[in-house]
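# What the coordinates show
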Amino acid sequence: METGCRDLLEFAGENRFRTVLADPPWQFQNRTGKVAPEHRRLNRYETMTLDEIAALPVDQVVEEPAHLYLWVPNALLPDGLRVMQAWGFRYKGNLVWHKVRKDGGSDGRGVGFYFRNVTELLLFGVRGRSARTREAGRRQVNLFASRKQEHSRKPDHQYAIIESCSSGPYLELFARGTRAGWSSWGLQAVAGYEPTWPTYADHSGSNGKAAGQG
C-alpha cells in the first residue's frame, strides 16, 4: 500500500516544491460501501481510502505560490475536490485526457457503470497569491488526446504540458518510474519501472533518475 512508502515529510526533507502532480490510488465503492468488484478486478496495486489520501501532508512540502495537478476518475470528482482542499489548494480548472485508439477514435475499453469512460480529469488548483500559470499555460487548451498505456498509467505528454505551464521544483506523488528534473515519491517510483502484469502493447517505460522511492 502507498501508505507504506517512506514518510512524505522525510522524503522531502528541506526541499519545497512549486508544482505537485499526483495520481492517487483511489478506491471505488458500490452502493453498499464495498469496493466495487469491477474495479477490484482491474486494480494492480493497493488502494487508499479517501481519508488516507486527504491526510497526506502535501501542504507542508510546497512553497507559495504553488500549483497542483490531481488526477481523478470521473466518478470520483467530489473526492478529488475534497483532497485538493485538504492539501491546501483552491480548484481553478481542469485538463481533460481523451483516450484514443491508434486510428484516433475514442478508446472504449474504459470501465463505467453509467457511461463508457473515454476521458479522465486532471484537476488544477493553486495555493498562495500570484499563482497564475506561466505564459505558455495561458495558451494551452484544456483537452489533449493520447493512447492508453498500462492500466491506470497516465500519458507521458502530461509532463510537457505541466513543465510549460508551471514552475519547478517539481514533485510527483504515486509516481510510476522516475523523470529527470522531478522528485518522484511512491512504491513504483523506481528507475526503469516496467509493469509486472500483461498490459497494452504500447505501454511506455520511463526515463530519468530516481529521486526517491517507497
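Residues numbered from 1 in each chain as written. Predicted model: local features only at pLDDT ≥ 70, side-chain atom pairs only at ≥ 80, totals over all residues. Heavy atoms only, no water.

## Quick notes on the nonpolar core
In terms of nonpolar packing, the biggest core is built from 31 residues, with V58, L70, W87, F89 and L173 touching the most fellow members. Going through the elements one at a time, helix 1 (8-12), strand 1 (17-22), helix 3 (50-54), strand 2 (62-72), helix 4 (77-86), strand 4 (119-127) and strand 6 (170-173) are the ones with two or more residues in this core. For this core, the leading source of residues is strand 2, giving 5 residues. Contact partners of W87, with chain neighbours within four places excluded, come to A22, I53, A54, L56, V58, D59, L68, L70, R127 and L173. (Core = buried A, V, L, I, M, F, W, Y, C linked by side-chain atoms within 4.5 Å. Buried < 20%, exposed > 50% of the residue type's maximum accessible area, 1.4 Å probe, protein only. Helix = DSSP H or I, 4+ residues; strand = E, 2+ residues; numbered from the N terminus. Contact = heavy atoms within 4.5 Å.)

## Structural notes on the pairing of strand 2
Most of strand 2 is tucked away, with 9 of its 11 residues classed as buried. As judged from the 5 bridges shared by strand 1 and strand 2, these two strands associate in the parallel manner. The residue bridging T19 from the neighbouring strand is H67, located in strand 2. Inspection of the sheet shows strand 2 paired to strand 4 by 7 bridges, in the antiparallel sense. The residue of strand 4 that forms the bridge with L70 is L123. (Pairing = 2+ DSSP bridges.)

## Description of helix 5 (residues 157-165)
Among the residues of helix 5, those classed as buried are Q158, Y159, I161, I162 and C165. Taken down its axis, helix 5 places every buried residue within 165° of arc, on the same side. Where helix 5 is buried, its residues meet strand 1, strand 2, strand 3 (90-99), strand 5 (143-146), strand 6 and strand 7 (182-185). (Arc of directions from axis to C-beta.)

## Digging into the pattern of salt bridges
Enumeration over the complete set of coordinates arrives at 9 salt bridges. Of the charged contacts, one joins K154 and D23 as a salt bridge, the two residues approaching to 2.9 Å between their closest N and O atoms. Note that K154 is positioned in the loop between strand 5 and helix 5 and D23 in the loop between strand 1 and helix 2 (37-42), a separation of 131 residues in sequence. Of the two residues, K154 and D23, both sit in the buried class. For K99, the salt bridge goes to E120, with nearest N and O atoms at 3.0 Å. Here the residue K99 occupies a position in strand 3, and E120 occupies one in strand 4, the gap between them amounting to 21 residues. Take K99 and E120: they sit in the same class, and that class is buried. (Salt bridge = Lys/Arg side-chain N within 4 Å of Asp/Glu carboxyl O.)

## Remarks on the packing of aromatic side chains
Across all of its chains, the model carries 5 aromatic pairs by this definition. Seen from their ring centres, Y170 and W182 are 4.8 Å apart, and the 20° between their planes marks the pair as stacked. Taken together, the residues Y170 in strand 6 and W182 in strand 7 connect sequence positions 12 residues apart. By the burial criterion, Y170 is buried, and W182 matches it. (Phe/Tyr/Trp six-rings, centres within 6.5 Å; stacked < 30°, edge-to-face > 60°.)

## Focus on a nonpolar patch on the surface
The grouping of L77, L81 and Y91 at the surface amounts to a nonpolar patch, some 230 Å² of accessible area in total. Residue Y91 is classed as partly exposed on the basis of its relative accessible area, which comes to 38%. (Patch = residues over 30% accessible without salt bridge, like charges linked within 9 Å, V, L, I, M, F, W, Y side chains within 5 Å. Areas by Shrake-Rupley, 256 points an atom, 1.4 Å probe, with all protein chains shown as cover.)

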